Amino acid sequence: NSSDITITGLTLTGGVTDYSGYHLIGNPYPCSLLWDNTWAKTNLDATACIWDHTNGHYWYHNGITGNGPFANGIIPAEQAFYIKANADGGSITIPQAKRLHSTQTFYKKEEPVTLSLKLSGDDGYDESVIMFTQGSTVGFDHPFDCQKLWGNDAATEIFSWIDGTVPASINVLPDETNCPAIPIGIKVGNTGSYSIDVTGMGTFHDDIAIFLEDKLTGAMQNLRTNPGYTFNSSPQTPSDPNRFLVHFSPTGIGVMSGPSIRIFAIEKNVYVNISEKTQGTISIYNLLGEKIAEKDIAGNTKNIIPLDVTEGIYIVNIFANEFRKTGKVIIR
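Calculation criteria
Residues numbered from 1 in each chain as written. Predicted model: local features only at pLDDT ≥ 70, side-chain atom pairs only at ≥ 80, totals over all residues. Heavy atoms only, no water. Helix = DSSP H or I, 4+ residues; strand = E, 2+ residues; numbered from the N terminus. Core = buried A, V, L, I, M, F, W, Y, C linked by side-chain atoms within 4.5 Å. Buried < 20%, exposed > 50% of the residue type's maximum accessible area, 1.4 Å probe, protein only. Contact = heavy atoms within 4.5 Å. Pairing = 2+ DSSP bridges. Axes fitted to C-alpha atoms, helices over the stretch in contact; angles between N-to-C directions.

Trainee: Please set out the environment of I266 residue by residue, giving values where relevant.
Mentor: Secondary-structure assignment places I266 in strand β22 (residues 261-266). Linking I266 and R332, residues 66 residues apart in sequence, is a C-alpha distance of 8.3 Å.

Here it is as structure tokens:
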């Protein structure tokens, strides 16, 4: 083949519901291809997925960024890959202009604002990417987001949630300076020690602090100062699909724009009064970073959190959809 190759008649309907719309196509050239966002597509998501037999799961690229060995977007010769139709009548043109030789020199492109979370353990690993770009939304965007496809039962896998319902390998959002907490889930095949290593902090502005919260243990880790987090898990851990949260804040755990908030304590009760109804979570930590209490705001303007703690200083974090705020209280 030495010209463009067009494939038509790609459908959304049929097959197992969770995988409807996926089509396996092949690289038709005797050389590599570069998957990017210039390929002509109709009724197709932006993503290509490649199966990794060694790790037992898929790698992804959305035309802008990718993960694992597929991060550079190169599809090797004779390599098959999945694409996904989002409506019947899908088509794709494989451009001969995107053929590559292994000695091809690449021009450096501006690096997107991207956070990569690598889960390692049990002789396997997986990556999940959170990216920020204009034109995306917090919901599932067909031009950007990549739905997670599950691998083998024993595979080590990590993913984020879109709208709390769609597991994603690449989750693209519009603005890192005003971003809700991103839920992160994992799936492991065996009991043991696992680690999450985070890269890409250098693509964010220095004023953006990034935290990983382990909701099972209560730990809150500053990824700027410590990008690796080690923990134990098993296939029977019920919280794992919703175990972690990634928080972004332009002033560490400080103030973002939002309603007027009063945080204070009377004896062993912490009061959080918010001038407007909102949705979110109030979390309280001791000075060691251990979570000791949590409460859903759930539209309440007046929130009371009773504590069973010793005297001392405690940190109150408010993570809402529209803002974040941190305060200190003294328990006497």
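Past the structure itself, the notes keep going.
Trainee: Now, about the nonpolar core: what can you tell me, with residues and values included?
Mentor: Soluble globular proteins tend to pack their nonpolar side chains together in the buried interior. Judged by nonpolar contacts, the single largest core of 27 residues is most densely connected at L115, I130, I196, I210, V246 and F248. For this core, the element with the highest residue contribution is strand β11 (residues 113-121), accounting for 4 residues. Once you skip the residues sitting within four places of it in the chain, F248 turns out to touch L115, I130, F132, E176, C179, I182, F204, I208, A209, I210 and R324. Grouped together as the second largest cluster of nonpolar side chains are 18 residues, W39, F81, I83 and I92 included.

Trainee: Tell me about the sheet that holds strand β9 (residues 90-94), and please be specific about residues and values.
Mentor: Across the sheet, 3 strands lie side by side as β1-β9-β4; this open sheet has antiparallel pairing. Strands with a single pairing partner mark the edges of an open sheet, and in this sheet they are β1 (5-10) and β4 (40-42). Direction aside, neighbouring strands of the sheet carry axes that sit 10° apart on average. Of the pairings in the sheet, the one linking β1 to β9 comprises 4 bridges and is antiparallel in character. Looking across to β9, one finds that I7 is bridged to I92.

Trainee: Quick rundown of the environment of W150? Include the residues and the values.
Mentor: Mapped onto the elements, W150 comes out in the loop between β13 (146-147) and β14 (157-162). By relative accessible area, W150 is classed as partly exposed at 34%. The sequence separation of W150 and I5 amounts to 145 residues, and the corresponding C-alpha distance is 30 Å.

Trainee: Which residues make up the sheet that holds strand β28 (residues 324-331), and what values go with them?
Mentor: The antiparallel open sheet is built from 4 strands, whose spatial order is β25-β24-β27-β28. Of all the strands in the sheet, the pair left with one neighbour each is β25 (291-296) and β28. Each strand axis lies, on average, 20° off the axis of its neighbour in the sheet, ignoring direction. Pairing between strand β24 (residues 280-285) and strand β27 (residues 312-320): 6 bridges, direction antiparallel. Residue I284 lies in a different strand from β27, and its bridge partner there is V316.

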